[in-house]
Amino acid sequence: MEQQTTNYYVPAQSHWPIVGAVGLLFIAIGAGMTVQQMTSEATSGSWLLTIGIVIILYMMFGWFNDVIKESDAGLYSAQMDRSFRQGMSWFIFSEVMFFAAFFGALFYVRMIAIPWLGGASNNEMTGQVLWPNFEAIWPLVTTPAGDTTQAMGWQGLPLYNTVILLISSITLHFAHVGLEQNKRKQLTAFLTITVVLGVVFLFLQAEEYVHAYREMGLTLSAGVYGNTFFLLTGFHGLHVTIGTLMLFVMLIRVIKGHFSPERHFAFQATSWYWHFVDVVWLGLFFFVYVI
Amino acid sequence: MRIKIIIIAVLGMISSVLSATPSNINMTRGVTDISHRVYDLHMTILIICCLIGVVVFGAMFYAIVKHRKSQGAVAAQFHESTKVEIIWTVIPFLILIGMAVPATKTLIEMEDNSKSDITIKVTGSQWKWHYEYFDQGFGFYSLLATPAEQFDNLDGKNTDVAKGEHYLLEVDKPLVLPIGKKIRFLVTADDVIHSWWVPAFAVKQDANPGFINEAWTIINEPGIYRGQCAELCGKDHGYMPVVVKAVTQDEYAVWLDEQKQSVIQAKKDAEQALASTLTMEESMTLGESLYITRCAACHQPNGAGIPGVFPALKNSPMILNDRAAHIDIVVNGKAGTAMQAFKGQLTAKEIAAIVTYERNAWGHDTGDVIQVSDVDAKGAK
Amino acid sequence: MSTLSTAQEHDEHHDHKPKGMMRWILTTNHKDIGSMYLIFSFAMFLIGGAMAMVIRAELYQPGLQIVEPNFFNQMTTVHGLIMVFGAVMPAFTGLANWLIPMMIGAPDMALPRMNNWSFWILPMAFAILLSSLFMEGGGPNFGWTFYAPLSTTYAPDSTALFVFSVHIMGISSILGAINVVVTIINMRAPGMTYMKMPLFVWTWLITAFLLIAVMPVLAATVTMVLTDKYFATSFFSAAGGGDPVLFQHIFWFFGHPEVYIMILPSFGIISAIVPAFSRKKLFGYSSMVYATASIALLSFIVWAHHMFTTGMPVAAELFFMYCTMLISVPTGVKVFNWVATMWRGSMTFETPMLFAIAFIVLFTIGGFSGLMLAITPADFQYHDTYFVVAHFHYVLVTGAIFSIMAAAYYWLPKWTGYMYDEKLGKLHFWASLISVNVLFFPMHFLGLAGMPRRVPDYALQFADFNQLVSLGGFAFGVSQLIFLVVVIKCARGGEKAPAKPWEGAEGLEWDMPSPAPYHSHTTPPEVK
Ligand code: HEA
Ligand code: HEA
Ligand code: CUA
Ligand SMILES: [Cu+2]
């Protein structure tokens, strides 16, 4: 494991980190105040939140711009490239754990909490005394407190969305192959298709949410079934949104002529991210919709 | 020599622990077979740990004394030995197995809730316990009995108030249990998580809202056993004692009869109260004393509440303008907040008195006198 | 922005540093960032310690004298949060920043800009957390473990700010940990194989892995708390099909590895200091590495030992009891190896060594009480009493904090270029050692005798010990001011430190001059 360390580029100074920290400060305070103010007329929280998001976008734009310039100036070695790649991989691992926690919650309520509420295991008296009318089933369409909702089937939109995401992973792969073989047309075409597929996915998911809220009474507050459904699909949707934006930025950069078969870390990272989002969806589709 | 001092200090600590009799520095031995076994388990592990400590620290301090540079020690060169590494992996492992065996046996027995004679449902709420004699059909609340003057010295005025013998560990109505019977506890909570703990029984069971946990005990000796809530449950978590009075089975039978009588009596009283008319004066006195014990923990004696946590009642628009809502919130509480329903906790007459008090205290002076029938209409008995 | 200056330029004006505040705000230098982490952490230690003093003052005698219960709970909660997330973790990150590049022969951290970002998020996060104490209704008052539903339905209004402050703290930790992992994997000098890395680097590699694995779980936990409180979800409410105990499972899945995050780097520090002052190589290097890895792996399957009283089925209780007990084996290996390192060494007892020895003894005592807690039937009696408080202060204060002190004394000459005042250092040690035991040892007795934790007031039979504990607490608090003096003195001058002030010290950092030059190994060193 010999590493060649000569000429590892260490940027002298940068104001982007502090900009980013201030951005997060605004986001945290803003988001906090926004939820506190949900029941009131006040809007100061959402203003702060918006400012924070703008600052973060500005930071990302400027920071990445610096990185691109440095890269173009030939300051980066192969070792630097490895740092970026490893960094991104570990970041994706942290995202995996974030979703794992929500999946864990889902499994726990399905396999433990709800059966216990129905009197299983060492909770016989819980069922008998506290929730005599409760029936432990999944999807939980009637909560112990008696609120009802409907379960979302997997046919229709969710299935379409699965197919769409799967195809998008494949098209992205072809785009990547195009990049590596320096076939720019193939790259542009497939990348465009991927972005479009991402947008379609989001559109269909919005459709599904509207349907759930308007027609099915399936809402975020509809007991744990709704909770897990919306938090899992919602966070996934958020990631698709971010991924689509990233892909879109890559598309613009591709059109501008960025990236070469040898050097395209940003593209690579985006594509990893997208594949990760895709895999999460498969888990979701299986555990949230199908079974 | 410092080193010697340390050694003596450490040995002193260890021996003080070892020689500890069940007094106020060691775990109580308790009054049940299980609690004895837990105590023995505790002492066994403690002693094993101390012995390991003596060996390990002994070796270390020996080295510290002997192998110091100032004594002319020259460093040896060894830095590896698979043999000793294996030894000091395997030996601790075996010791652990030795501990796990009795622990497992005791645990399995502790978790065997079957074949009980008496079932008590224990419900925690902010900040009191409710005991329901499950098969007898009656129950009661058990609240801290220590008066506030004994503990509340925030304004420095109560410095001289003497604290009672059972300061903070006394209640108005203890849980009464017979000895020699297997008693099963069904532990749950109304609001947040509490934990019902009586050290003398080695029973500590979390009270989770919406779930029932089980625990059991067989008490060997009559006596009064005191414990406390053992899970942070908000502001007055420290003021939520558990007191159990264990009596002989005969005494228990007598006590049960009395309780049943008083349940019947209470029903009669309630009917009478419904027919009677309360006067302002009577209500204000009763209301004030009840307010102090039941409401002031949150809304404060002066009605100012704790801003941001518990609302002020003083000058509350609800109290001043909406009599019906005022009665309703006291009777039925407000779901999803700390404001609990008081209808099971207080009689209709008591609630009426409290509401009257709130409507006329702190300069409210609405002049309303709430009658039992007003409260009864909202569902209180 | 001079972001486009190259490494070559650096070499030319070698020790050129930008001046003033801006140097610190814009820096990408691992040493600057390390210093900022360390200073920040010490400031947090003082703030968290001041809160502990409020706790101890209120508990000095029975009755409510100084603070009302609701505020007391806020003090307990924020004391725990600040000490864990503000003092111990940033201190270790600061040490990692300072030392890892020097130890593995790297020019800097792998992602220097991100490094700066990780740091500057922290002051923001804690500013939010601390300011929430001044909001109407007060700050978080539900314990550092914020069990639902006390932290949801029944929580103060400021909870949203608590949640988002934890979120950005988490971002900071994750980014910092990614940086450490990548640095260690990718930036080692030629010849620095994994099994040649100093143990501090090894323990940090494993710690960083733990961080990346569990901080996102904490983020998910607080997110569910947020939605339960503000968006009417019922993850932790039975009425909607959830379970308050679910909260505890997710929290402790994070929380238990978290406590090892706060001790593994200590193991690395002690493994550097003990050989240095024994003038003898560390005994059993490779078993130390494997032991650390085993502790980390086991830490993922023991979380429910914090939840024995929650009513789990007996099979689960047994599983978690056994796994927890197992952790004693690899931890024991570490302790034995340190003792074997000292055995037949040629020891001297400068302040770092004193702290290291105290660490070994007192951490082990904390470990023993941990083992006792792991015995489920006995834990029914110990749980949520001061016995637990005693346990975790032994492993955290005389464990983590003592190791950080030891590290500070050990590497201060390298950082500042001056020797610290050995007399004051020893005074600090002895004052701390005695007071800390007066502070925390009697807590064992209190807990066994039945005093619950998180109470502002207690029954009369606990009065004597509490008074003693409080006195020990005040003395320990004052003793820490000596440390402040030592550090300030050492930063400002004193006897010049040679490149390698400790005779037996080993490692690349000691090949560099003291103070270490602004840029670490710009050309990779030879590793034999
Ligand atoms: C640095 C932090 C740290 C460390 C290292 C540990 C280490 C351990 N902890 Fe601790 N723990 C905490 C921090 C830590 N803990 C905190 C903060 C809490 C409370 C959280 C809260 O509720 O607020 C807690 C609570 C806690 C509990 C829950 C108690 C309760 O609430 O009821 C338990 C129960 O099993 C436990 C067990 C252990 C064990 C078995 C170890 C082991 O790793 C210890 C292993 C070490 C040794 C055993 C000593 C050395 C070994 C030898 C010399 C070998 C020979 C020994 C034998 C074979 C006996 N801990
Ligand atoms: C690394 C973590 C860490 C550290 C270092 C400490 C350090 C200390 N802690 Fe602890 N503590 C926790 C982590 C830590 N703690 C956690 C996680 C909890 C659980 C919280 C919960 O229940 O949710 C807890 C809970 C806790 C309690 C229990 C509270 C309760 O249950 O109600 C107590 C009580 O005595 C306590 C005391 C102390 C004391 C006296 C110190 C001392 O070591 C502090 C010494 C430092 C100073 C004092 C600062 C330096 C000096 C000054 C600022 C000058 C001023 C000095 C004076 C006025 C004398 N802590
Ligand atoms: Cu009830 Cu603590
Ligand atoms: Cu743990």
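The model shown is predicted, which means the values in this text are computed figures rather than measured ones.

Draft legend 1. The coordination of the iron atom of ligand 1, seen in detail. Residues and elements named next belong to chain C. Its sole protein donor being H391 (NE2), the iron atom of ligand 1 sits 2.1 Å from that atom. Taken as a pair, the iron atom of ligand 1 and the copper ion (ligand 4) show a spacing of 4.5 Å. Tracing the backbone through its elements, the reader meets H391 in helix 15 (residues 386–416).

Draft legend 2. Spotlight on the packing of aromatic side chains. All names here are of chain C. Evaluation of the coordinates by the stated rule reveals 98 aromatic pairs over all chains. Centroid distance F267 to F363: 5.4 Å. Interplanar angle 80°. Geometry classified as edge-to-face. With F267 in helix 9 (residues 264–278) and F363 in helix 13 (residues 351–374), this residue pair connects regions lying 96 residues apart in the sequence. What makes F267 buried here is its relative accessible area of 1%. F363 gets classed as buried once you look at its relative accessible area, which sits at 7%.

Draft legend 3. Region of interest: the sheet that holds strand 10 (residues 241–247) of chain B. All names here are of chain B. Pairing is mixed in the open sheet, where three strands are placed in the order 4-10-9. With one partner strand each, in any of the chains shown, strand 4 (175–178) and strand 9 (223–228) form the two edges of the open sheet. Ignoring which end each strand starts from, the neighbouring axes of this sheet average 25° apart. Sheet topology places strand 4 next to strand 10; four bridges connect them, and they run parallel. Within strand 10, the position partnered with V176 by the bridge is K245.

Draft legend 4. Examining the interface of chain C and chain B more closely. Listed per partner, the contact involves 100 residues of chain C and 99 residues of chain B. When the two sides are added together, the surface that chain C and chain B hide from each other amounts to roughly 8,500 Å², 71% of it contributed by carbon and sulfur. The largest share of the area that chain C buries against chain B comes from Y154, F336 and Q381 of chain C, three residues that together contribute 8% of it. Across the chain C-chain B interface, the total number found is one salt bridge. Counting across the chain C and chain B interface gives 28 residue pairs in polar contact (both at pLDDT 80 or more). Counting residues per element, the ones that place at least two in the side of chain C that touches chain B are helix 4 (69–104), helix 8 (244–261), helix 10 (285–298), helix 11 (314–326), helix 12 (328–342), helix 13, helix 14 (376–382) and helix 16 (422–448) of chain C. Per-element tally for the side of chain C that touches chain B: the top contributor is helix 12 of chain C, with nine residues. Considering only residue class, the side of chain C that touches chain B consists of 56 nonpolar, 30 polar and 14 charged.

Draft legend 5. Just the nonpolar core, in detail. Within the largest apolar cluster, 385 residues are counted, with the highest numbers of intra-cluster contacts made by I120, F185 and W196 of chain B together with F85 and F126 of chain C. In terms of residue count, helix 7 (residues 199–230) of chain C provides more of this core than any other element does, 23 residues in total. Other than its neighbours up to four places away in sequence, F126 of chain C contacts F40, M44, L81, I82, F85, G86 and M169 of chain C. Judged by nonpolar contacts, the second largest core, of 25 residues, contains A273, Y291, I329 and F342 of chain B.

Draft legend 6. How the structure looks around the interface of chain A and chain B. Contacts between chain A and chain B engage ten residues on the former and nine residues on the latter. Looking only at chain A, the three residues that lose the most surface to chain B are M125, V129 and L130 of chain A, adding up to 57% of its buried area. Our count for the chain A to chain B interface comes out at zero salt bridges. Applying the counting criterion to the chain A and chain B interface returns two residue pairs in polar contact (both at pLDDT 80 or more). Looking at which element gives the most residues to the side of chain A that touches chain B, the answer is helix 4 (residues 124–130) of chain A, with four residues. Residue composition of the side of chain A that touches chain B, by class: seven nonpolar, three polar and no charged.

What counts as what
Residues numbered from 1 in each chain as written. Chains lettered and ligands numbered in written order. Predicted model: local features only at pLDDT ≥ 70, side-chain atom pairs only at ≥ 80, totals over all residues. Heavy atoms only, no water. Donors = N, O, S within 2.8 Å, 3.2 Å for Na, K, Ca; no water. Helix = DSSP H or I, 4+ residues; strand = E, 2+ residues; numbered from the N terminus. Phe/Tyr/Trp six-rings, centres within 6.5 Å; stacked < 30°, edge-to-face > 60°. Buried < 20%, exposed > 50% of the residue type's maximum accessible area, 1.4 Å probe, protein only. Pairing = 2+ DSSP bridges. Axes fitted to C-alpha atoms, helices over the stretch in contact; angles between N-to-C directions. Contact = heavy atoms within 4.5 Å. Buried area = accessible area lost by both parts, 1.4 Å probe. Salt bridge = Lys/Arg side-chain N within 4 Å of Asp/Glu carboxyl O. Polar contact = N/O pair within 3.5 Å; in protein donor to acceptor, adjacent residues only side chain to side chain. Nonpolar A, V, L, I, M, F, W, Y, C, P; charged D, E, K, R; others polar. Core = buried A, V, L, I, M, F, W, Y, C linked by side-chain atoms within 4.5 Å.

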